[in-house]
Amino acid sequence: MRFINTRNPSDTATFKEAVLQGPAPEGGLWMPESLPDFEDWNSLLQLRWPERSEIILRRLLGDEFDGEALAGAIQRALDFPVPLVRIRRGLYSLELFHGPTLAFKDVGARFFAEMLTLIKEPGHPLTILTATSGDTGAAVAHAFWNRPEVRVMVLYPKGRVSDLQERQFATLGGNVTALAVDGSFDDCQDLVKACFSDPGLKARHGLTSANSINVARLLPQMLYYAEALAQLHAQDVRDGIVISVPSGNFGNLCAGLMARAMGLPVRALIAATNANATVPEFLDGGPYRPRPSVATISNAMDVGAPNNWERILHLFRGDTYALRSALRWGHKSDEETKRALRELRGMGYLADPHAAVAYAVLEDRLGLSETGIFLGTAHPAKFLPVYEHMGIQVPIPDELAALKDRPVVAQEVPRDVQAIWEVLEA
Ligand SMILES: *Cc1c(COP(=O)(O)O)cnc(C)c1O
């Protein structure tokens, strides 16, 4: 499979090149040049999740990787279940949070770590430099923890991520360095960018980005859309399936649209956002107006200028008519999100605030005879303060409870690129 630069159609790359580069030149992103249309979804959907995932990725990447190596990487990266939970007739949640850090970002981060291990040259150590506002840092740090010749540096805004989120990446130690930056998440991102713009530093440390725009994080996200359909097919539900995606940077939705472009029989996908409604407002016919984000209770979706939207436009070759017919959309305020949480709880289901946004928009946009799925992107226990406010008790999974006793081993640093260099060069 070849990849093409969204900003320059004559600029192409192999998968390996695209993974190592992260973003494409000229501010573009790598996208598959063309997507195969699988004609055998009916039989693919009868396979089990690991086997099916392996076949799909072998078809896409088999020209660059030995089949055995690819199979091993896929088995290790996707070694947790993605259950489709029935809430009531015609309504399901696809739970993507049963990986080690309890958020769907485990899928992309673990596959990325496996791919990078396959691609990297032995004897050339890499440093993964990443800024996080919460879930990404944890998923990336866990995915690379204890891997030889790889060091991970997680920059996060001191005092601005939840206690449990911080403990997920700042208690690991070993090859994971957590840097508590005296600043905001945007400051952390700026520091990372400044390090990448120094070619000498980049080369000396093999600096690599684990940003969600990396194709190795994007591709595996297609696989669970197929798994959702497989579990419905097993119950003889085949038609009128609509999947609602709680969206921030729009990588998840992009992966779903790519699967649909490959013939996966989904009627429509739903772009669901919180008050950061840049995309829904555009789809409603307004101008595309990226803007600074506003804070909400579904904070992993607090993105005002979504990076991957450019990919989605590219997938549809800029044809917004076709895009509007593949998509439905909507956005919800925090009040509406809380109402949705309570409604789901009334049906016996505890959702996280991100999933609740997806559910709320799905309820508005689902037709009578259709079957709706919303994606459960994180475990509710990652957002305890939201539920405490609402007077809802949340059971804490053992993985999170155990973190309470582990000491945080973060290094505090000023908001200064010199300080990051010193840590890198130490
Ligand atoms: C990252 C994240 C999202 C948004 O996913 P995108 O691919 O950025 O649109 C939604 N929910 C949770 C819990 C997340 O961590």
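As shown above, the structure is provided for reference.
Numbers given to residues run from 1 along each chain, matching the order in which its sequence is written. For a predicted model such as this one, the threshold for reporting local features is a pLDDT of at least 70, and the threshold for listing and counting side-chain atom pairs is 80 or more; totals across whole chains, interfaces and linings nevertheless cover every residue. Excluding hydrogens and water, the side-chain values take into account all heavy atoms of the structure.

1. What to know about the side chain of threonine 208
Put simply, DSSP H or I for four residues or longer makes a helix, DSSP E for two residues or longer makes a strand, and each gets a number counted from the N terminus. Inspection of the secondary structure puts threonine 208 in strand S9 (residues 207-209). Contacts of threonine 208, omitting those with residues within four sequence positions, involve Phe112, Leu116, Leu126, Thr127, Ile128, Leu129 and Phe196. Contact definition: two residues touch when any of their heavy atoms are within 4.5 Å.

2. Here's the deal with the pairing of strand S13 (residues 371-376)
Summary of the burial criterion: residues with accessible area below 20% of their type's maximum are buried, those above 50% are exposed, and those between are partly exposed, where the area comes from a 1.4 Å probe applied to protein chains only. Counting buried positions along S13 yields 6 of 6 residues, so the element is predominantly enclosed. A two-sided burial pattern is seen for S13, the buried positions comprising Thr371, Ile373 and Leu375 on one face and Gly372, Phe374 and Gly376 on the other. Pairing between two strands is assigned when DSSP locates at least 2 bridges connecting them. As defined by bridge partners, strand S5 (residues 91-95) adjoins S13 across 5 bridges and the pair is classed as parallel. Across the sheet, residue tyrosine 92 finds its bridge partner in S13, namely isoleucine 373. Here strand S10 (residues 241-246) pairs with S13 via 4 bridges, running parallel. From the neighbouring strand, valine 242 faces S13, where its bridge partner is glycine 372.

3. Observations regarding the site of the ligand
We call a residue near a given molecule or strand whenever any one of its heavy atoms falls within 4 Å of it. Around the ligand, a shell composed of 15 residues is seen, among which Lys105, Asp135, Gly248, Asn249 and Phe250 lie nearest. Lysine 105 has a polar side-chain atom sitting 2.5 Å from an oxygen atom of the ligand. The separation between an oxygen atom of the ligand and a polar main-chain atom of glycine 248 is 2.8 Å. Side-chain classes are defined by residue name, with Ala, Val, Leu, Ile, Met, Phe, Trp, Tyr, Cys and Pro counting as nonpolar, Asp, Glu, Lys and Arg as charged, and the others, Gly among them, as polar. Here the residues of the shell around the ligand sort into 6 nonpolar, 7 polar and 2 charged. Two N or O atoms form a polar contact when they lie within 3.5 Å of each other; inside protein one atom must be a possible hydrogen donor and the other a possible acceptor, and for residues adjacent in sequence the pair counts only when both atoms belong to side chains.

4. Focus on the nonpolar core
Ranked by internal contacts, the top residues of the largest apolar core, which has 102 residues, are Phe15, Phe144 and Tyr225. Once residues within four sequence positions are removed from consideration, phenylalanine 15 is found in contact with Met1, Phe3, Leu61, Glu64, Phe65, Met115, Val215, Ala216 and Leu219. Nonpolar cores were defined as sets of buried Ala, Val, Leu, Ile, Met, Phe, Trp, Tyr and Cys residues, with membership established by side-chain atoms within 4.5 Å. The next biggest cluster of nonpolar side chains, apart from the first, holds 35 residues, and it includes Leu102, Met301, Ala355 and Ile392.

5. Quick notes on the environment of isoleucine 74
Relative to the helices and strands, isoleucine 74 resides in helix H4 (residues 67-77). Isoleucine 74 sits 30 residues away from phenylalanine 104 along the chain, and the two C-alpha atoms are 16 Å apart. Every residue in contact with isoleucine 74, bar those within four places of it in the chain, is listed here: Ser53, Glu54, Leu57 and Phe111.

6. What about helix H7 (residues 163-170)?
The buried fraction of H7 amounts to 7 of the 8 residues, a majority that puts the element mostly inside the structure. Considered for burial, the residues of H7 that qualify are Leu164, Gln165, Glu166, Arg167, Gln168, Phe169 and Ala170. In this fold, the buried residues of H7 make contact with helix H6 (135-144), strand S7 (150-157), strand S8 (176-181), helix H18 (384-390), helix H19 (398-403) and strand S14 (410-413).

7. A few points about the packing of aromatic side chains
Only the six-membered ring of Trp is used, alongside the rings of Phe and Tyr, when aromatic pairs are assigned; centres must lie within 6.5 Å, and planes under 30 degrees apart are stacked while those over 60 apart are edge-to-face, with the rest tilted. Counted according to the given criterion, the structure contains 12 aromatic pairs. Centroid distance phenylalanine 3 to phenylalanine 15: 5.9 Å. Interplanar angle 45 degrees. Geometry classified as tilted. With phenylalanine 3 in strand S1 (residues 3-5) and phenylalanine 15 in helix H1 (residues 15-21), the pair connects residues that are 12 residues apart, well separated along the chain. A relative accessible area of 0% means that phenylalanine 3 is categorised as buried. For phenylalanine 15, a relative accessible area of 0% puts it in the buried group. With 6.4 Å between their ring centres and 10 degrees between their planes, tyrosine 288 and tryptophan 309 make a pair best called stacked. Here the residue tyrosine 288 occupies a position in the loop between helix H13 (278-283) and helix H14 (309-315), and tryptophan 309 occupies one in helix H14, the gap between them amounting to 21 residues. Its relative accessible area of 31% is what places tyrosine 288 among the partly exposed residues. Of the residues examined, tryptophan 309 reaches a relative accessible area of 1% and is grouped as buried. Ring pairs connect the aromatic residues Phe250, Phe282, Tyr288 and Trp309, which therefore count as one cluster.

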